[in-house]
Amino acid sequence: MSVLLRRNSSQLRLLLSSGGQVTRLASTEGSGEPPAPAVVNQETKKAQKKRQPLAVVPDSEIKKSVFISQSSDVFTNLALEDWLYKNFDFSHHHVLLLWANDPCVVIGRHQNPFTEANVSRLVERGITLARRNSGGGAVYHDLGNLNCTFFSPRERYDRKYNLNIVTRALFREWAIKAEINERDDIVVMNKKISGTAAKLGQPNSYHHCTILASANKLHLGESLVREKANYISRATASVPSPIRNLVDVNRTVNVSQLRSAVGYEYLRTAATTLEDGGSAQTMKQRGFQLINPTEKWFPGIDELRANYSSWDWVIGKTPSFTVEKDLEVKGHDEDMKLKLSVEVEGGLMKEIGLQLPQSEQLVPVVTPLQGKPYNEENLNGILGALKLVNASNVKQAINGTA
């Protein structure tokens, strides 16, 4: 008896004559059970250390599920991803989490948001800024972008396997020929449709990637333009790449169908090799499960979300940096060109000073903004106030500190 997936439907359905079902987890419309398999508790963690090496677990003993988050809130989805990473036992059960967010910019754990985007402009336009717990570069998300998180034990981590699931799904569903480049980006006709990042720990790991289906490219471009200033930072910098939406390749592509195609490709493929088992392989899996990430079903997820949405995480985790910006102050005889220098630690402006051209001397600037959070609005506020200062006053200050 075969199990078929209707991939063109707006809702995922498994049509079956025996075995398997779509399970709605933690739905507001009814009661259900939290995702199986077992959650990792302290006893399980101890047992994992005594467990047989994962490399000897045969594929036939590994089940697979596709979890679909019903939330479009980036902080909730990051918390769900983290919750699964920290609490689930993936030794015999691999999981693909599919999720999409309302408009937001997501930066890597070790990135500086101010070198990746204009944070003040994001706030003005209602675009959320978030920091994930993995490395990699900054990405723009909206509901035209599908996020895929592949969970497995650390010993089973295989980025190429995961990316091939995506490329095979694109070809099977739309005959789109996609390639994986040396940076593990997925490209179509030399333009990027997917970026990638990972979190490797013990005992679990995850690899996540984005897939641009029909994202707003205008908002994407505008969101990733930073303030015009010189940022001196050791934070991980994104590598700009030309991007392409899949809908520009095939106008019939949509996120709902993409979600189904990638999920189905994952279920029909063997756990550790790219062997296509078709419907017979799909019947052995646990299928699609709709996830409503709430505290009731994922105890502790609210605390994780609070952490991901906090200023201390999003901004406060920014590696220390210095920002410099040129300005010109008016004088009776001639104008004076100066450079404003702001040292930022933990997201706060610590040292603020003025530097003369061709000089290393830094004159402290007294401002009530010292010790306040750094952002482009505050930086421009300092610049605006300094432009009202006369050049002769600056010279007096410099002479007084010499």
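Residues numbered from 1 in each chain as written. Predicted model: local features only at pLDDT ≥ 70, side-chain atom pairs only at ≥ 80, totals over all residues. Heavy atoms only, no water.

Turning next to the overall build of the chain. Check the secondary structure of the chain and you find 12 helices and 20 strands. Here the chain holds 402 residues, and 50% of them are scored as buried. Once local pairs closer than 6 in sequence are excluded, the contacts in the chain between residues at least 24 apart make up 73%. Only carbon and sulfur atoms are counted for the fraction: they give 49% of the accessible area of the chain, which is about 19200 Å². (Helix = DSSP H or I, 4+ residues; strand = E, 2+ residues; numbered from the N terminus. Buried < 20%, exposed > 50% of the residue type's maximum accessible area, 1.4 Å probe, protein only. Contact = heavy atoms within 4.5 Å. Areas by Shrake-Rupley, 256 points an atom, 1.4 Å probe, with all protein chains shown as cover.)

Confidence along the chain averages 85 in pLDDT terms, with 81% of residues attaining 70 or more. Counted against residues more than four places away or in other chains, residues 40–44, with its pLDDT under 50, gives 7 contacts. Counting contacts from residues 46–54, a segment whose pLDDT is below 50, to residues more than four positions away or on other chains yields 10 contacts. (pLDDT = per-residue confidence, 0-100.)

Turning our attention to the packing of helix α2 (residues 74–87) against helix α9 (residues 301–308). In a pair of packed helices, the angle between the axes and the distance between the axes together describe the arrangement. Between α2 and α9, the shortest axis-to-axis distance is 8 Å and the interhelical angle comes to 125°. Viewed along their axes, α2 and α9 adopt a mutual orientation that is oblique. Crossing handedness for the pair α2 and α9: right-handed. Taken together, the residues of α9 that come into contact with α2 (itself represented by Phe75, Thr76, Leu78, Ala79, Leu80, Asp82, Trp83 and Lys86) are Ile301, Leu304, Arg305 and Tyr308. Looking at side-chain class alone, the contact of α2 with α9 contains 8 nonpolar, 1 polar and 3 charged residues. (Axes fitted to C-alpha atoms, helices over the stretch in contact; angles between N-to-C directions. Parallel < 35°, antiparallel > 145°, perpendicular 65-115°, else oblique. Left-handed = near helix turned anticlockwise from the far one by under 90°. Nonpolar A, V, L, I, M, F, W, Y, C, P; charged D, E, K, R; others polar.)

Another aspect to go through is the layout of surface pockets. Looking at the largest pocket, its volume works out to about 890 Å³. Taken together, 40 residues make up the lining of the largest pocket; nearest its centre are Gly137, Ala138, Val139, Lys192 and Ser238. Secondary structure elements with two or more residues in the lining of the largest pocket: α3 (113–116), β8 (139–141), β9 (145–153), β12 (191–194), β13 (196–200), β14 (204–212) and α6 (217–223). Top element by residues in the lining of the largest pocket is β14. It accounts for 4 residues. (1 Å grid on protein atoms, 1.4 Å probe; cavity = no way out; pocket = protein on both sides within 12 Å on 5 of 7 lines; lining within 4 Å. Points joined across faces, edges and corners; volume = space filled by probe spheres on them.)

The 3 strands are arranged β7-β6-β8 in an open sheet whose pairing can be described as mixed. For this open sheet the edge positions go to β7 (128–131) and β8, each flanked by a neighbour on one side alone. Put simply, the sheet's adjacent strands are angled 25° from each other on average, direction ignored. Inspection of the sheet shows strand β6 (residues 104–107) paired to β8 by 3 bridges, in the antiparallel sense. Note that in β8 the partner of Cys104 across the bridge is His141. Packed onto the sheet, α2 meets β6 and β7 and runs at close to 15° relative to β7. (Pairing = 2+ DSSP bridges.)

It is worth spelling out the sheet that holds strand β11 (residues 186–188) at this point. As summarised here, the arrangement of the 3 strands in space is β10-β11-β12, forming an open sheet in which the pairing is antiparallel. The open sheet has two edge strands, β10 (179–180) and β12, and neither has a second partner.

What follows deals with the environment of Lys86. Here Lys86 shows up in helix α2. Judged by its relative accessible area of 40%, Lys86 falls in the partly exposed class. Separated by 118 residues in sequence, Lys86 and Asn204 have C-alpha atoms that sit 7.6 Å apart.

As a further point, take the packing of aromatic side chains. Under the counting rule described, the total for this entry stands at 12 aromatic pairs. Geometrically, the ring pair formed by Tyr85 and Tyr206 is edge-to-face, given 5.3 Å between the ring centres and 90° between the ring planes. One end of the pair, Tyr85, is in helix α2; the other, Tyr206, is in strand β14, and 121 residues separate them in sequence. Grouping residues by exposure puts Tyr85 and Tyr206 together as buried. Look at Phe88 and Phe90: their rings are 5.5 Å apart centre to centre, the planes differ by 40°, and that puts the pair in the tilted class. The class of Phe90 is buried, set by a relative accessible area of 0%. An aromatic cluster is built from Phe67, Tyr85, Phe88, Phe90, Phe151 and Tyr206, whose rings are joined through pairwise contacts. Taking the ring centre of Tyr266 as reference, the NZ or CZ of Lys64 above it sits at 4.0 Å. (Phe/Tyr/Trp six-rings, centres within 6.5 Å; stacked < 30°, edge-to-face > 60°. Lys NZ or Arg CZ within 6 Å of the ring centre and 35° of its normal.)

So, about the nonpolar core. In this structure, Leu84, Leu340 and Tyr374 are the most contacted members of the largest nonpolar core, which totals 61 residues. Ranked by the residues each element gives to this core, the list is headed by α2, at 8 residues. Discounting residues that sit within four places of it in the chain, Leu340 has contacts with Val323, Glu324, Lys325, Leu327, Ile352, Gly353, Leu354, Leu379, Ile382, Leu383 and Leu386. (Core = buried A, V, L, I, M, F, W, Y, C linked by side-chain atoms within 4.5 Å.)

Right, let's get into the side chain of Ser152. Assignment of secondary structure puts Ser152 in strand β9. By relative accessible area, Ser152 is classed as buried at 9%. When neighbours within four sequence positions are excluded, Ser152 is seen to be in contact with Phe90, His94, Tyr157, Asn204 and Ser205.

Moving on: helix α11 (residues 376–386). For α11, the complete set of buried residues consists of Glu376, Asn378, Leu379, Ile382, Leu383 and Leu386. Its buried side turned inward, α11 meets α3, α4 (119–124), β17 (321–329), β18 (336–345) and β19 (348–355).

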